[in-house]
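Here are the chains, one letter per residue:
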Amino acid sequence: MKPEGNIPAPAVRRLSLYLRQLELLWADDRQKVSSKELGKALRLTDSQIRKDLAYFGQFGQAGVGYDITELTTNIRRILGTDRTWNVLLVGAGNLGSALSAYRGFAKRGFRLVAVFDSDRKKVGRPLTSNPELTVQHIDQLEEEVRRREIHLAINAVPAEAAQQIANRLVKAGVRGLFNFAPVNLDIDSQVAISSVDLAVQLEQLSFQVSMNQSIAEAEKSRKRKKKK
Ligand code: NAI
């Protein structure tokens, strides 16, 4: 496998899409799939798929396609999801509670094992959204990270607390941070960070819709002028 630095981030992101599609095919008792079929299902070209996979090694055979079990195993290994990760969550609020209820994480190898909050009214109580988890006080964060060997964390605290929590997580030994707070976190470059902001995504969507509307209106007016 080539060093991570040389692999374009979109190719890594598409690996997750390939994996999801392969899992669907596997559940359908399929054994082989071609890059063409994968591409059709994912609205990508077959050459894009071959190029992406080539970053990570030699997979499949020309004319035969990919062995679904083999490629699935390889992609899981590349993504690091061939093992189970213990994950912690900071912030047992609206978003944190919703995330804790999502069973899809466990299916993909991410086990939410601890939830922390600073609100004494929440601490010591099981989460309504996932009663298997009892909220722990944020003071216990460092000890739990070490004790349970937690390397991945979800940050779902308000923006003003996000940097301080991120610093503590990194110092405690967390190596990957999933940040939901709407701030640009300043953290050690050795720590992987993934940020999601639905408002930003919605802005991108509204931009595309506005663009499409402008194009449609320009086209309409062009046709009207032509008719006259
Ligand atoms: P919330 O107010 O319901 O929950 C925040 C929780 O964090 C509370 O339980 C609070 O007690 C806890 N908290 C505050 N300071 C803390 C600290 N220092 N240590 C530990 N716990 C602390 O807020 P909500 O709606 O759940 O949002 C959480 C974060 O996620 C916010 O930053 C919000 O802007 C962001 N968010 C991001 C979205 C996205 O698309 N990325 C979507 C929704 C929310």
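Residues numbered from 1 in each chain as written. Predicted model: local features only at pLDDT ≥ 70, side-chain atom pairs only at ≥ 80, totals over all residues. Heavy atoms only, no water.

### Some thoughts on the pattern of salt bridges
Should their charged atoms come close, side chains of opposite charge can pair. The line we're drawing: Salt bridge criterion: a side-chain nitrogen from Lys or Arg within 4 Å of a carboxyl oxygen from Asp or Glu. Each helix corresponds to a stretch of at least 4 residues labelled H or I by DSSP, and each strand to a stretch of at least 2 residues labelled E; elements are numbered beginning at the N terminus. Here's how the labels work: a residue is buried when its accessible area is under 20% of the maximum for its type, exposed when over 50%, partly exposed in between, all with a 1.4 Å probe on protein chains only.
One pass over the structure, following the stated rule, counts 10 salt bridges. Where arginine 14 meets aspartate 52, a salt bridge forms, and the shortest distance between an N and an O atom there is 2.5 Å. In this pair, arginine 14 sits in helix 1 (residues 9–27) while aspartate 52 sits in helix 3 (residues 46–54), placing the two residues 38 residues apart along the sequence. Assigned by exposure class, arginine 14 and aspartate 52 land together as buried. Linked through salt bridges whose partners overlap, the residues forming this network are Glu23, Arg76 and Arg108.

### A closer look at the domain arrangement of the protein
The criterion, for reference: An automatic or database domain assignment provides the domain bounds reported here.
Assigned domains of the protein: these are domain 1 (9–79), domain 2 (85–196) and domain 3 (200–228). Using C-alpha coordinates to define each centre, domain 1 is positioned 36 Å away from domain 3.

### A few points about the site of the ligand
Using the following cut-off: Here a residue counts as near a molecule or strand whenever at least one of its heavy atoms sits within 4 Å of it. Residues adjacent in sequence count toward polar contacts only when both atoms are side-chain atoms; beyond that, a polar contact is any pair of N or O atoms within 3.5 Å, and within protein one must be able to donate a hydrogen and the other to accept it. Exposure was quantified through the Shrake-Rupley algorithm and a 1.4 Å probe, taking into account, for residues, occlusion by the shown protein chains and nothing else. Under this grouping Gly is polar, as are all residues other than the nonpolar Ala, Val, Leu, Ile, Met, Phe, Trp, Tyr, Cys and Pro and the charged Asp, Glu, Lys and Arg.
Lining the immediate surroundings of the ligand are 23 residues, of which Asp117, Lys122, Val157, Val196 and Leu198 lie closest. A distance of 2.6 Å separates an oxygen atom of the ligand from a polar atom in the side chain of aspartate 117. At 2.7 Å from an oxygen atom of the ligand is found a main-chain nitrogen or oxygen belonging to valine 157. Taking 860 Å² as the accessible area of the ligand by itself, protein coverage stands at 74%. Contributions of two or more residues to the shell around the ligand are made by helix 5 (94–101) and helix 8 (159–172). Per element, the largest residue contribution to the shell around the ligand is three residues, and it comes from helix 8. A per-class count over the shell around the ligand returns 15 nonpolar, four polar and four charged.

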